[in-house]
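Take a look at the letters that make up each chain.
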Amino acid sequence: MGRRIGVMGGTFDPIHYGHLVTAEEALHQFSLDEVLFVPTGRPWMKEHDVVSPAEDRYLMTVIATASNPRFAVSRMEVDRDGPTYTVETLRSLKAELGPDTQLFFITGADAVLEIVQWKEPEELFDLAHFIAATRPGYDLASFEAHAPLAHPGITVMHIPALAISSTDIRGRVRQGRPIRYLVPEGVNSYVQKAGLYR
Ligand code: NAP
């Protein structure tokens, strides 16, 4: 029997409990053996946004996932030069893990909606099944009519805990408001020590 591996892609700036709940839910719903978190290196669709250094985002992801034996973190996108393309990540993982391994790429529904703009979109669906996580208030009805999310290679997963968002957390830090209980304690400490989002 081949293994079923979740590949959790995101900027994770910072990683929060919504992401961890999403990965755990995917693990359960899709009977996955493991979820591999893959923090992006240089997100190519965010060239104009300020994104924290990849090393900080990678370390926070390691801290947040350390206590779960079925979560692991990959440096592959952090260490790869140039913009981050998911197709390259999935190709490398498939080559490394062998043809019997099934890959499930988990990320936010907003990102999946733009999949047609990603590099080599037609190959993506050969490499993995896509799990699109939505947050409360997400207007799924209008998006269901949208061609990409109606694709058989995509499953939408509703995650109430995604009421937590990285954008909101960065704003809270900037305003001096607490983020305790929105992120794991170690991530909270890391954000303060590294002086992120000030
Ligand atoms: P994003 O635009 O920062 O996020 C879009 C939405 O999805 C946000 O609401 C975000 O919430 C949420 N989200 C992001 N990652 C999530 C996850 N793993 N689980 C649950 N919700 C998540 O998206 P991004 O981080 O740039 O991209 C997401 C993934 O798609 C990355 O792996 C990226 O490399 C890939 N991608 C690939 C291409 C390409 O190959 N050309 C293009 C675009 C994206 P939070 O802010 O709270 O996380």
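Structure: see above.
The rules behind these values
Residues numbered from 1 in each chain as written. Predicted model: local features only at pLDDT ≥ 70, side-chain atom pairs only at ≥ 80, totals over all residues. Heavy atoms only, no water. Pairing = 2+ DSSP bridges. Helix = DSSP H or I, 4+ residues; strand = E, 2+ residues; numbered from the N terminus. Axes fitted to C-alpha atoms, helices over the stretch in contact; angles between N-to-C directions. Salt bridge = Lys/Arg side-chain N within 4 Å of Asp/Glu carboxyl O. Buried < 20%, exposed > 50% of the residue type's maximum accessible area, 1.4 Å probe, protein only. Core = buried A, V, L, I, M, F, W, Y, C linked by side-chain atoms within 4.5 Å. Contact = heavy atoms within 4.5 Å. Arc of directions from axis to C-beta. Parallel < 35°, antiparallel > 145°, perpendicular 65-115°, else oblique. Left-handed = near helix turned anticlockwise from the far one by under 90°. Nonpolar A, V, L, I, M, F, W, Y, C, P; charged D, E, K, R; others polar.

Student: I tried to follow the sheet that holds strand β1 (residues 4-10) on my own but got confused; where do I start?
Tutor: By definition, the strands of a sheet pair up through backbone hydrogen bonds, in either a parallel or an antiparallel sense. In space, the six strands of this open sheet follow the order β4-β2-β1-β6-β7-β8, with parallel pairing throughout. The sheet is open, and its two edges are formed by β4 (71-73) and β8 (154-158), each paired on a single side. Direction aside, the axes of adjacent strands within the sheet are offset by 25 degrees on average. Pairing of strand β6 (residues 102-108) with strand β7 (residues 128-134) involves six bridges; the strand directions are parallel. Bridging from a neighbouring strand, Phe-104 pairs with His-129 of β7.

Student: Sorry, what's going on with the pattern of salt bridges here?
Tutor: When their charged atoms lie close together, side chains carrying opposite charge are able to pair. A full pass over the atoms with the stated rule returns seven salt bridges. When the shortest N-O distance is used, the salt bridge between Glu-185 and Arg-180 registers 3.1 Å. Given a relative accessible area of 38%, Glu-185 falls into the partly exposed group. Through salt bridges with shared partners, a single network forms among Glu-55, Arg-75 and Asp-79.

Student: Whenever I open this one, the nonpolar core confuses me. Can you help?
Tutor: Note on soluble globular proteins: their nonpolar side chains tend to be buried together. Ile-15, Leu-32, Val-35, Phe-37, Met-60 and Val-191 are the most contacted members of the largest nonpolar core, which totals 31 residues. Of all the elements in the fold, those that place two or more residues in this core are α1 (17-29), β2 (34-39), α2 (54-65), β6, β7, α8 (166-174) and α9 (185-194). Counting residues per element, this core draws most heavily on α1, at four residues. When residues no more than four places from it in sequence are discounted, the contact partners of Met-60 are Phe-12, Pro-14, Ile-15, Val-187, Tyr-190, Val-191, Leu-196 and Tyr-197.

Student: Even after reading the chapter, I still don't get α9, so can you show me in this structure?
Tutor: Quick reminder: α-helices carry 3.6 residues per turn. Residues three or four places apart thus point the same way. Every buried residue of α9 is listed here: Val-187, Asn-188, Tyr-190 and Val-191. End-on view of α9: buried residues confined to an arc of 165 degrees, all on one side of the axis. Next to the buried residues of α9 lie α2 and α8. Backbone geometry just after α9 places Gly-195 at a positive phi near 65 degrees.

Student: Just checking my understanding: could you explain the packing of α2 against α9 for this structure?
Tutor: Packed helices, taken two at a time, are described by their axes: the angle between them and the distance between them. Where α2 meets α9, the closest approach of the two axes is 8 Å, and the angle between their N-to-C directions is 155 degrees. With respect to each other, α2 and α9 are oriented roughly antiparallel. Here the hand of the crossing between α2 and α9 comes out right-handed. When α2 is examined against α9, the residues Asp-56, Leu-59, Met-60, Ile-63 and Ala-64 are found in contact with a partner set consisting of Gly-186, Val-187, Tyr-190 and Val-191. Broken down by class, the residue content of the contact of α2 with α9 amounts to seven nonpolar, one polar and one charged.

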